[in-house]
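Each chain is listed here by its residues.
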Amino acid sequence: MRPPSGSRHRPAACPAPGTTGLLALWLIVVLAAPARAGVATWLRESALPRLGVGVEAGAAVPTDPFDFGTGWDDGRGCGAFVRCALTPTVDALLRVERDRFALDEGGIREAWASVTDVTGTDARLDALLLGLRVHQARGALRGHAALYAGVVRRTGRRADVTFWPPYYTVPYTVPFGEPDDTNRAFGFGVGATWVIPRLPDLTAEARVIWLAEGPEATIPLRVGVTLP
């Protein structure tokens, strides 16, 4: 049967594009809510207690061979680290550190006879170290020991030493130190953490770090704080 003359057949109305977008967004939010809650629970209960960050500062003692301890003073340095607990007593560490050692002109003059002049620069060591630390799980004061491996960038450890050897008619200048270079490094450390309720933990550690291609070593002595 035909519709009456002059009337039009209209299809069912479709939702406006804006309404469709709002419906889709609402469905996504509803479906994602349990997943987001699960992620938040996992972060709160599993991930965050295993993670920690800290900062440190202190001294670094240069050692021989190659007269590092003779030509440069004890250094001053600082660093930061990220910790991830693998078990209640074992942590993985990533450390970034920098130490600066002032040129010790007096030490060079004492070690070398007939020195007339010393010119040079301060030395700097930048380290990136991966570590594995074993520590006590209970108590306010918790001791630990760690092994480290990584790379160290050495810059500025150079000096020119002028001296007057016996029977020479003119002074003689020789280079002293090492060129800028990036070396593999390894070492170990021992220390302790003082756990303070509701405050950042205090940490202290003494390390010995060797440069594989140096060879030379430093003994960083650090104190700092860590969260949590």
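Before reading further, recall that the structure is shown in the block above.
Asks: Give me the lowdown on unusual backbone geometry, citing residues and values where you can.
Replies: Located in the positive-phi region is Arg198, a residue other than glycine, with phi close to 65°. Within the element layout of this structure, Arg198 appears in the loop between β9 (181–194) and β10 (201–211).

Asks: Can you explain the sheet that holds strand β4 (residues 115–120)? Please cite residues and give values.
Replies: Reading across the sheet, the three strands line up as β4-β7-β8 and stay open at both edges, with antiparallel pairing between neighbours. Because the sheet does not close on itself, it has two edges, and the strands there are β4 and β8 (172–177). Sheet twist, expressed as the mean angle between neighbouring strand axes with direction ignored, is 20°.

Asks: Tell me what's going on with a nonpolar patch on the surface, and back it up with residues and numbers.
Replies: A grouping of Val53, Val82, Leu94, Val96, Leu128, Leu130, Val151 and Leu227 is seen on the molecular surface, where their side chains present a nonpolar patch of about 670 Å² in accessible area. Secondary-structure elements contributing two or more residues to the nonpolar patch are β3 (90–101) and β5 (123–135).

Asks: Describe the side chain of Arg207, naming the residues involved and giving the relevant values.
Replies: With respect to the helices and strands, Arg207 occurs in strand β10. Look at Arg207 and you get buried, because its relative accessible area is 0%. Among the polar contacts made by the side chain of Arg207, one reaches the side chain of Glu205 at a distance of 2.7 Å. Aside from chain neighbours lying at most four places away, what touches Arg207 is Glu56, Arg95, Glu97, Tyr148, Phe188, Gly189, Thr218, Ile219, Pro220 and Arg222.

Asks: Give a detailed account of the nonpolar core, specifying residues and quantitative values.
Replies: Soluble globular proteins tend to bury their nonpolar side chains together. Counting 25 residues, the largest nonpolar core has Trp72, Phe101 and Val161 as the members making the most contacts within it. In terms of residue count, β5 provides more of this core than any other element does, four residues in total. Beyond its immediate sequence surroundings of up to four residues, Phe101 is in contact with Ala60, Pro62, Phe68, Trp72, Asp73, Asp74, Gly75, Asp122, Ala123, Leu125 and Thr218.

Asks: Explain the layout of surface pockets to me, and be specific about the residues and the numbers.
Replies: Empty space left among the atoms is revealed by rolling a probe the size of a water molecule over them. Roughly 330 Å³ of volume is contained in the largest pocket. Forming the boundary of the largest pocket are 18 residues, of which Arg83, His135, Arg142, Asp201 and Pro228 lie nearest the centre. The set of elements that each furnish at least two residues to the lining of the largest pocket consists of β2 (75–87), β5, β6 (141–155) and β10. The leading source of residues in the lining of the largest pocket is β2, at four residues. Of the residues assigned to the lining of the largest pocket, the class counts are six nonpolar, seven polar and five charged.

Asks: Could you give an account of the pairing of β10, naming the residues involved and the relevant values?
Replies: In terms of strand pairing, β9 meets β10 through 10 bridges, oriented antiparallel. Across the sheet, Thr193 pairs through a bridge with Thr203, a residue of β10. Sheet topology places β10 next to strand β11 (residues 216–227); nine bridges connect them, and they run antiparallel. From the neighbouring strand, Ile209 faces β11, where its bridge partner is Thr218.

Definitions and limits used
- Residues numbered from 1 in each chain as written.
- Predicted model: local features only at pLDDT ≥ 70, side-chain atom pairs only at ≥ 80, totals over all residues.
- Heavy atoms only, no water.
- Helix = DSSP H or I, 4+ residues; strand = E, 2+ residues; numbered from the N terminus.
- Pairing = 2+ DSSP bridges.
- Axes fitted to C-alpha atoms, helices over the stretch in contact; angles between N-to-C directions.
- Patch = residues over 30% accessible without salt bridge, like charges linked within 9 Å, V, L, I, M, F, W, Y side chains within 5 Å.
- Areas by Shrake-Rupley, 256 points an atom, 1.4 Å probe, with all protein chains shown as cover.
- Salt bridge = Lys/Arg side-chain N within 4 Å of Asp/Glu carboxyl O.
- Buried < 20%, exposed > 50% of the residue type's maximum accessible area, 1.4 Å probe, protein only.
- Polar contact = N/O pair within 3.5 Å; in protein donor to acceptor, adjacent residues only side chain to side chain.
- Contact = heavy atoms within 4.5 Å.
- Core = buried A, V, L, I, M, F, W, Y, C linked by side-chain atoms within 4.5 Å.
- 1 Å grid on protein atoms, 1.4 Å probe; cavity = no way out; pocket = protein on both sides within 12 Å on 5 of 7 lines; lining within 4 Å.
- Points joined across faces, edges and corners; volume = space filled by probe spheres on them.
- Nonpolar A, V, L, I, M, F, W, Y, C, P; charged D, E, K, R; others polar.

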